[in-house]
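Each chain is listed here by its residues.
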Amino acid sequence: MTYRGRFAPSPTGLLHFGSLVAAVGSWLCARHAGGQWLLRVEDIDPPREVAGSAQAILAALPAFGLVADGPALFQSQRRATYDVAFERLRAADLVFPCWCSRAQLAAEDGIHRNGRCVASPDPERPPAWRMRVPDVVVAFDDALQGPQRQNLREVAGDFVIRRVEGYYAYQLACVVDDAFQGITEVVRGTDLLDSTPRQIWLQRCLGLPTPAYRHLPLALDAEGRKLSKSAQAHPVDPADPLPALRRALAFLDVQTSAATGDAPALLASALERFDPARLPRLAARAV
Ligand code: GLU
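Throughout, residues of each chain are indexed from 1 in the direction in which the sequence is written. At least 70 in pLDDT is required for a residue's local features to be given in this predicted model, at least 80 for side-chain atom pairs to be given and counted, and no such filter applies to totals for whole chains, interfaces and linings, which use all residues. Hydrogens and waters are ignored; side-chain quantities use all the structure's heavy atoms.

Trainee: Give a detailed account of the environment of proline 147, specifying residues and quantitative values.
Mentor: The secondary structure listing takes helices from DSSP runs of H or I that are at least 4 residues long and strands from runs of E that are at least 2 residues long, numbered from the N terminus. Positionally, proline 147 belongs in strand β7 (residues 146–151). Only protein chains enter the accessibility calculation, which uses a 1.4 Å probe; a residue whose area is less than 20% of its type maximum is buried, one above 50% is exposed, and one in between is partly exposed. Taking the relative accessible area as the measure of exposure, proline 147 reaches 70% and is therefore exposed. Each C-alpha atom, one on proline 147 and one on isoleucine 111, is 25 Å from the other, the two residues being 36 residues apart in sequence. In this structure proline 147 touches Phe140 and Asp141, once residues within four positions along its chain are discounted. Every residue pair with non-hydrogen atoms within 4.5 Å of one another is taken to be in contact.

Structure (C-alpha cells):
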C-alpha cells in the first residue's frame, strides 16, 4: 500500500511556526516513505475563518519547498459527503439531537454523558447532534508517543458531530476526509492526540479504515503555551523562508548539510538524513 500523508491546516490565520513544524514533519515522513503528501483546507468553521488565510497558507507552502501531490481538498465543498456519513450514523441510531445548554453541562465539566439529553426538545431551536458514546476504552499505538488508551465516555463523552449552527464538527469531517484521501498515516501535533480516540471511534462506526498516527511534539512559547494561530503567534515569512525552515528542522532534530541553498535544497538535504524513529517526542520551546 502506498504511503499517503497529509497536512490539514485550518484557515484561522497565516502559517505560523507550529503549523510549519506539522507541515514539514508530515512532508518528511511522506517523502521518506516514498509516498504522497496531500493537502486539505479545514474550512468548516466560517465564524473562526480569517478571510484570505486559506489562499495565503497554500501560497506559502511551496516557498518552504513543500509541494503537494495534487490540488488541496477544501472541506467547505464536502458538505454533501458529510451529510451521507451523518445519515448513516443516524440510521444506525448512533447519534441523538441535544438541546442542552452550556450551563446544563457545567456540572459535568461541560461533558455530555449517557446518551441522552437532559433538556427538553425545543421546536423553536435547532439541536446539536451528538454521538451516543458507550463506556468503551479506545486504544491505539502512536508511532511517536507510544501506546495510548482513552475511556471515551469519561474523557470525551457524547461528543458533538453537528453543531447547532448546522456546521459539521472537525471530528466528523476529519475522519471522512482522511478516508476519502486514502491517508495511511496522520502526522500532526500532540494537541490532537486526545481527539484521536474520538476519530478512531467514528471510523469504526462508519466502517472506515484507521490510519497510523504519529503525533509530533508541540512548539511552545516562552511561557510554555502552545504556539498557535489563535494566540497571535508570529506568522512565518514565505518571502524569507530559510530561517523559519531551519528552525522547524532543528525543532524536529533533523540534521541538514551545511551547504547553503534554497528551501527545496535544504529540505532535500534534511530528507537524506531523516529517520522518523528519531523524531523528538516531548514538547519544547520553539528554537
Ligand atoms: N485543522 C487542524 C489544525 O489546523 C489540524 C487537523 C488535523 O491535522 O487533523 O489544527
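Trainee: How would you summarise the sheet that holds strand β2 (residues 36–41) if you had to cite specific residues and measurements?
Mentor: In short, DSSP must find at least two bridges between two strands for them to pair. A sheet is described by the order of its strands in space; here 3 strands give the open sequence β1-β2-β3, paired in parallel fashion. Either end of the sheet is taken by a strand with one partner, and the two such strands are β1 (4–7) and β3 (73–74). For β1 and β2, the ladder comprises 4 bridges, and the chain directions are parallel. Note on β2: the bridge partner recorded for arginine 4 is glutamine 36. The sheet contacts of helix α1 (residues 17–32) involve β1 and β2, and relative to β2 the element is tilted by about 150°. A fitted line through C-alpha atoms serves as each axis, taken over the contacting stretch for helices, and the angle formed by two N-to-C directions is quoted from 0 to 180°.

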